[in-house]
Amino acid sequence: MELPASEVVICETNKTRADLYGLWLDDYDPRRALTTAQFAEAFDAGVAVVVLDGAFGDGEAEAVLDTVRSGASHCRVLGIRERSNTGPAPAYDRNIERPVFETELAECVETLFHRANYHLLLDQYYRTTVLVSAYEWQGSSDGRDNERYERLRDRAARLEGYLNGLRPRMSDEDVRAVADGITVTGVDDTDDGPSIESKYRPDECARCGRDWTGGADGEAPTVKLAAYVWRCDDCGHVDMRADPNHRHVTSFRR
């Protein structure tokens, strides 16, 4: 399956170590950066994982992290630090200590690679299904609008297929980490009035069976991520009901 973010960048000042990591990660055909200037050339929105030496660029590792966070929110960072470093670990997605072993490095990169792509696909799916819902509410009869509506539906179906194809490669922890990392703006959490979406929200979690109708305090154990999209607080299951027809992508394995 072709994934939208397919690149890995290794940021390591020591060329011997960079070449060794590149050999271990040969399946990804990784880009190598020995300096911050080389990193700037190697990094783009198609990068899924950055392997970052904590001493990279004479203390510029934090600047690299800032660039990643601002330039590609889906990208995951694997930090490598010295065992003797007792200071607080930077806010990387994963940390490993030297000596680095091939199996550990490969497994961490694979996990973060899948998380990055699931994040990107899920974000694109949210955005597409919101547009689909808008067309269905408006009910436009314009021919050009109908053509775009069908294209959006086809795109949503393709993204759903990619998500369902990627999900078996991920653990429940991976899916929860991705869901927790996606921020949806424009949702007013202070609105006390009844929501038009409430009647479309499932009564229970399809995975763990938790009651979603509300507890003693009147609050349902769910987090609203986007229009017609909820996440179970208990198991992390994501239910995406893009419209009243209840089309959804589940977070559990099929």
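First, a word on scope: everything that follows refers to the structure included in this document.

**Observations concerning the overall build of the protein chain**
Scanning the protein chain from terminus to terminus reveals six helices and eight strands. Traced from its N-terminal end to its C-terminal end, the protein chain shows the element sequence β-α-β-α-β-α-β-β-α-α-α-β-β-β. Every one of the 254 residues in the protein chain was classed for burial, and the buried ones make up 41%. The long-range fraction of contacts in the protein chain, counting pairs at least 24 apart against all pairs at least 6 apart in sequence, stands at 59%.

**Quick notes on the packing of helix 4 (residues 102–138) against helix 6 (residues 172–181)**
Taken N-terminus to C-terminus, the directions of helix 4 and helix 6 make an angle of 45°; their axes are 10 Å apart at the nearest point. By the criterion of interaxial angle, the relationship of helix 4 to helix 6 is oblique. Between helix 4 and helix 6 the crossing geometry is right-handed. Counted together, T111, R115, Y118, H119 and L122 of helix 4 and E173, D174, V175, A177, V178 and G181 of helix 6 form the full contact between these two elements.

**What about the packing of aromatic side chains?**
Tallied over the full model, the rule gives three aromatic pairs. Centroid distance Y21 to W24: 6.0 Å. Interplanar angle 35°. Geometry classified as tilted. Here W24 and Y21 lie together in helix 1 (residues 15–24), a separation of three residues that amounts to about one turn. With a centroid separation of 5.1 Å and an interplanar angle of 55°, the aromatic rings of Y28 and F113 are classed as tilted. On the criterion of sequence distance, the pair formed by Y28 in the loop between helix 1 and strand 2 (31–33) and F113 in helix 4 is long-range, its members being 85 residues apart. Each of the two residues, Y28 as well as F113, counts as buried.

Procedures and definitions
Residues numbered from 1 in each chain as written. Predicted model: local features only at pLDDT ≥ 70, side-chain atom pairs only at ≥ 80, totals over all residues. Heavy atoms only, no water. Helix = DSSP H or I, 4+ residues; strand = E, 2+ residues; numbered from the N terminus. Buried < 20%, exposed > 50% of the residue type's maximum accessible area, 1.4 Å probe, protein only. Contact = heavy atoms within 4.5 Å. Axes fitted to C-alpha atoms, helices over the stretch in contact; angles between N-to-C directions. Parallel < 35°, antiparallel > 145°, perpendicular 65-115°, else oblique. Left-handed = near helix turned anticlockwise from the far one by under 90°. Phe/Tyr/Trp six-rings, centres within 6.5 Å; stacked < 30°, edge-to-face > 60°.

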